[in-house]
Protein chains: 2
Amino acid sequence: MNIRLKNAVIMPKAGAEAFRGEVQIADGKIVYAGKQNDRMYFAAEREKDCRGNLLVPGFCNAHAHSAMTLFRGIADDLPLREWLFDRIFPLEDCLTEEDVYWGTMLAAAEYVRGGTTAVADMYFFHDTAAKALRKSGMAVALCCGTNDIGGGDVKEHLKTMESRYHAYEGKERLKYILGLHAEYTCSDALLEGTADLAATLGAPTYIHCSETLKEVGECSVRRGMTPVEYLHKIGFFDCGGIIAHGTYLEKTDIELLKEKNVTVASNPSSNLKLASGVAPVYTMLKNGLRVALGTDGAASNNALSMFREMYLMSCLQKERMKDAAAVSAESALSAATEAGYAALGFNGGEIREGKDADLVLIDLDAPGMRPRADFGKSLVYSADTSAVLMTVAGGHIAYEEGQYEIGEKIEEIYRNTERCIKRLREAAEKRA
Amino acid sequence: MNIRLKNAVIMPKAGAEAFRGEVQIADGKIVYAGKQNDRMYFAAEREKDCRGNLLVPGFCNAHAHSAMTLFRGIADDLPLREWLFDRIFPLEDCLTEEDVYWGTMLAAAEYVRGGTTAVADMYFFHDTAAKALRKSGMAVALCCGTNDIGGGDVKEHLKTMESRYHAYEGKERLKYILGLHAEYTCSDALLEGTADLAATLGAPTYIHCSETLKEVGECSVRRGMTPVEYLHKIGFFDCGGIIAHGTYLEKTDIELLKEKNVTVASNPSSNLKLASGVAPVYTMLKNGLRVALGTDGAASNNALSMFREMYLMSCLQKERMKDAAAVSAESALSAATEAGYAALGFNGGEIREGKDADLVLIDLDAPGMRPRADFGKSLVYSADTSAVLMTVAGGHIAYEEGQYEIGEKIEEIYRNTERCIKRLREAAEKRA
């Protein structure tokens, strides 16, 4: 659909000056972003008066397990091990493709409700997750999270990964990223095999890394190296990629990641809620490492709100560094937009001609957004998802003032997710 | 207005089981809260179908400087001293009564938009602030924040405090709390005089206390005591009261506060953003100290959202204690509701017959609130202000699905706050 968004205030990217103007969208791309224009570049099928509200680039959630929405609220206020082993794993053991479909649809609704237009999703049943997420128009990176902690043939794992990689090659706003669950859930053969596969394909990788102190400590005892040092040594990062979390990184880890152009997808609220720690984001940024933001899964957050992540990224660092000037709102907004897009290799994170039409209309006529001040600061320090009036993903209006256009009716998504979690609970109880 | 809220799920207080039912309100009080009823206790002038959404007690913001909304976004990402001395103080020097009126009206809009129904407001022009806040039906504690760092006659200060105290005695949902800005901005004579006045009146006190390490350190050097030890010694807490912040409290401080039945109004997000620290809330609760929650002023937060405070109260403690089970959602919800009401001496914080009709209708049909789980956990870990469908303050529907009924039109509030801050900036520049 060709869309004209008139009478907006446009903040083209984090830190850039906002101006009054309009955005024109055709075939999923931004074809014009500038001052109010007399001319339409394409016939607009939809013209929207933004009433002076703020257009900003859509958010990129750089680390998510979308379908875990099903487990939201199921295991709060529990120690990490009990959370994972007694609550989450038994349910995941019973997951079906249908569960993943509806859980991912619920996540899609929450993403677009909160202005998220791109996501790195690491979970089971990739094709199904892609199907669910793509209906909203979002850009989707399916991140492989293979492990062989419970056995399995390494060669088979690698073959599957490679064939999936090729199956998604050349797709529009949809890709498959080679990856593993974590250093501590994979055999050396799988870790090294994946590194070799990535080198052969010239492809970046994705992995949970240095999330907890325990993980880093155990790896150091086993290998005499941090997880980052080990992964770097086996060439896992040779074509770049993303590590999720990076809660505990030494200065030398940061240098190794920087050397290989690896992005850290930081998950401040998941790290808080699971008592994992506060990542050294200030130090990463200071050393030129790219930091993106993710929500992690809804079972450990529990919201999929990039507003919360931006706020926490900035404010937790202020407290960590004992410096109220540390990690500005602009840095957090940049992490939530262009850094995520760049890390995943999608063409967004900015409102500019030629970019994918991923953008969010922010309500400036809300008490928390008044008086008018620096819009970037308002977004990061004042706003929450109530500020989102409209989300456009790949030129598709996925959310607009209470209405969802994401391929399934919202009531159906609610009904089906309730049904799925009920069945999952019963199935897990039966097995126990 | 007599109101019937039908077809709701009611969570009567933090930690209590929710049930399907209805609430009937007459003359600002809850006259019925129970199962769906055939009988109306009073003729309902307004009947609302809650469509199965969740009624919870309204939030109490136990520490705020409401009119500082005017300064929102004016001084972000700055070191604390620059924030206060170069930006905030010069503007406050130029504040007029009209500025406080409109700034407080903007805060009132934000409060009810986010489900807040009671507030402890410490700022200038108390009568004006009360006028602005009471229009929304909120319960208002005007907290005196006197200091004599710039001179002034102690006897005059005490006389003013006493006369104001009496002027507000016996008012409905409106009171004046004796108090001072902080130990470090008041002379010994003023501190001791206020303690004596409180003893004479049998009145609790209010003060900023132990907000920063610097404050505690300097007091310890000057007095050989922590601020809490000193205030305890001079009898400042003899009739109970509230300290705002309590970011740095020793175990002995906590015991002294507990002994005097003092409540700590914790402000987790202000403390983060100004890099002040994370209060030892877990230890306070463990030692039986009452903890309430506040947003502090919008210049240092920048939102006036109790959702953010609840979330941070719980999750920051998990990280601080390295225990994902520390400070549950119920504890945070309790701090945001009954603890605040109890500390301020208002008759709310619970949905029960005889209580003031302070309640919030929460949207359960939002992606982040699905699947249905424990409502307390959903409120604290998933929700933000987008979840608020309706706020009833003192039996008055102050906010309902985008509409405000707070005594001034929302557009007028926006227009006037923009005008006020513009004038303030110009006035401050002229003086500089």
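Residues numbered from 1 in each chain as written. Chains lettered and ligands numbered in written order. Predicted model: local features only at pLDDT ≥ 70, side-chain atom pairs only at ≥ 80, totals over all residues.

What follows concerns the overall build of chain A. Across its full length, chain A carries 14 helices and 17 strands. Over its C-alpha trace chain A gives a radius of gyration of 21 Å, about what one expects of a compact globule, namely 22 Å for 432 residues. Here chain A holds 432 residues, and the buried ones make up 60% of them. When contacts within chain A are restricted to residue pairs at least 6 apart in sequence, long-range pairs at least 24 apart make up 73% of them. (Helix = DSSP H or I, 4+ residues; strand = E, 2+ residues; numbered from the N terminus. Rg over C-alpha atoms; globule rule 2.2 N^0.38 Å. Buried ≥ 20, exposed ≤ 12 C-beta atoms within 10 Å, placed from the backbone. Contact = placed C-beta atoms within 7 Å.)

This part is about the relation of the copies chain B and chain A. Mapping chain B onto chain A calls for a screw motion: a turn of 180° about the axis and a shift of 0.0 Å along it, with 0.0 Å RMSD after fitting. Considering both components of the superposition, the chain copies are consistent with a two-fold axis. Closest approach to the rotation axis among the C-alpha atoms of chain B is made by B:Ser386, whose C-alpha sits 2.1 Å away. When the interface residues of chain B are mapped onto chain A, 100% of them again fall at the interface, so both copies present the same face. (Least-squares fit on C-alpha atoms with pLDDT ≥ 70 in both.)

All right, on to the sheet that holds strand β12 (residues 262-266) of chain A then. Residue and element names in this part refer to chain A. Spatially, eight strands are ordered β6-β7-β8-β9-β10-β11-β12-β13 in an open sheet, and the strand pairing comes out parallel. Every interior strand has two partners, whereas the edge strands, β6 (59-64) and β13 (290-293), have only one. Put simply, the sheet's adjacent strands are angled 25° from each other on average, direction ignored. Packed on one face of the sheet, helix α12 (residues 329-344) meets β6, β7 (116-121), β8 (139-143), β11 (241-245), β12 and β13 and runs near 110° to β13. (Pairing = 2+ DSSP bridges. Axes fitted to C-alpha atoms, helices over the stretch in contact; angles between N-to-C directions.)

All names here are of chain B. Across the interface, helix α4 (residues 154-167) lies against helix α5 (residues 188-201) with an axial gap of 10 Å and an inter-helix angle of 30°. Taken as axis vectors, α4 and α5 run roughly parallel relative to one another. In the crossing of α4 with α5, the sense of the turn from one axis to the other is right-handed. On α5, the residues touching Val154, His157, Leu158, Met161, Glu162 and Tyr165 of α4 are Ala189, Leu190, Gly193, Thr194, Leu197 and Leu201. (Parallel < 35°, antiparallel > 145°, perpendicular 65-115°, else oblique. Left-handed = near helix turned anticlockwise from the far one by under 90°.)

Residue and element names in this part refer to chain A. In this fold, glutamate 215 is placed in helix α6 (residues 213-223). Given 21 C-beta atoms within a 10 Å radius, glutamate 215 is considered buried. When the C-alpha positions of glutamate 215 and proline 227 are compared, they lie 8.1 Å apart, and in sequence the two are 12 residues distant. Setting aside residues up to four positions removed in sequence, glutamate 215 forms contacts with Tyr184, Ser210 and Pro227.

Per-residue confidence for chain A gives a mean pLDDT of 96, with 100% of residues at or over 70. Predicted complex, confidence summary: ipTM 0.97, pTM 0.98. (pLDDT = per-residue confidence, 0-100.)

Across the contact, 53 residues belong to chain B and 53 residues belong to chain A. Across the side of chain B that touches chain A, the residue classes tally to 24 nonpolar, 12 polar and 17 charged. (Nonpolar A, V, L, I, M, F, W, Y, C, P; charged D, E, K, R; others polar.)

The next subject is unusual backbone geometry. In this structure, the amide linkage connecting A:Asn301 to the following residue, A:Asn302, adopts the cis form with an omega of 0°. With respect to the helices and strands, the residue A:Asn302 is situated in the loop between β13 and α11 (306-321). Positive phi, normally seen in glycine, also occurs at A:His245, with a value near 90°. Assignment of secondary structure puts A:His245 in strand β11. Judged by the 27 C-beta atoms lying within 10 Å of it, A:His245 is buried. With phi around 50°, B:Asp27 is a residue other than glycine that occupies positive phi space. Along the chain, B:Asp27 turns up in the loop between β2 (19-26) and β3 (29-34).

Next up on the list: helix α8 (residues 251-259) of chain A. All names here are of chain A. Taken together, the buried positions of α8 are Asp253, Ile254 and Leu257. Burial along α8 is one-sided: seen end-on, the buried residues are contained in an arc of 100°. Residues of α8 that are exposed and angled more than 90 degrees away from the buried face: Lys251, Thr252 and Glu259. Looking at the packing, one finds that the buried side of α8 touches α7 (227-233), β12 and α10 (281-286). Directly after α8, the chain includes asparagine 261, whose backbone phi takes a positive value near 65°. (Arc of directions from axis to C-beta.)

Residue and element names in this part refer to chain B. Read across the open sheet, the eight strands follow the order β6-β7-β8-β9-β10-β11-β12-β13; overall the sheet is parallel. The open sheet terminates on both sides in strands that have one partner only, identified here as β6 (59-64) and β13 (290-293). Each neighbouring strand pair of the sheet contributes to a mean axis angle of 25°, computed without reference to strand direction. Bridge count for strand β9 (residues 174-182) against strand β10 (residues 205-209) is four bridges, and the pairing is parallel. Bridge pairing in β10 places leucine 180 opposite isoleucine 207. Across the sheet, α5 lies against β9 and β10, angled at about 155° from β9, the strand it touches most.

Here we take up the pairing of β2(B). Residue and element names in this part refer to chain B. Most of β2 is tucked away, with six of its eight residues classed as buried. Where β2 and β3 come together, five bridges link them in antiparallel fashion. When the sheet's bridge partners are listed, alanine 26 is paired in β3 with lysine 29. The antiparallel hairpin formed by β2 and β3 contains two residues in its connecting segment, where aspartate 27 sits at a positive phi of about 50°.

For the rest of this paragraph, the subject is helix α1 (residues 80-92) of chain A. Residue and element names in this part refer to chain A. Within α1, the full set of buried residues consists of Trp83, Leu91 and Glu92. Each buried residue of α1 sits inside an arc of 90° when the element is viewed along its axis, so together they form one side. Every exposed residue of α1 that faces more than 90 degrees away from the buried side is listed here: Arg81, Phe85 and Phe89. Where α1 is buried, its residues meet α14 (410-431).

So, on to the environment of A:Glu259. All names here are of chain A. Topologically, glutamate 259 is positioned in helix α8. Classification of glutamate 259 by C-beta neighbours within 10 Å gives exposed; the count is 11. For glutamate 259 and glycine 240, which are 19 residues apart along the polypeptide, the C-alpha to C-alpha distance reads 9.1 Å.

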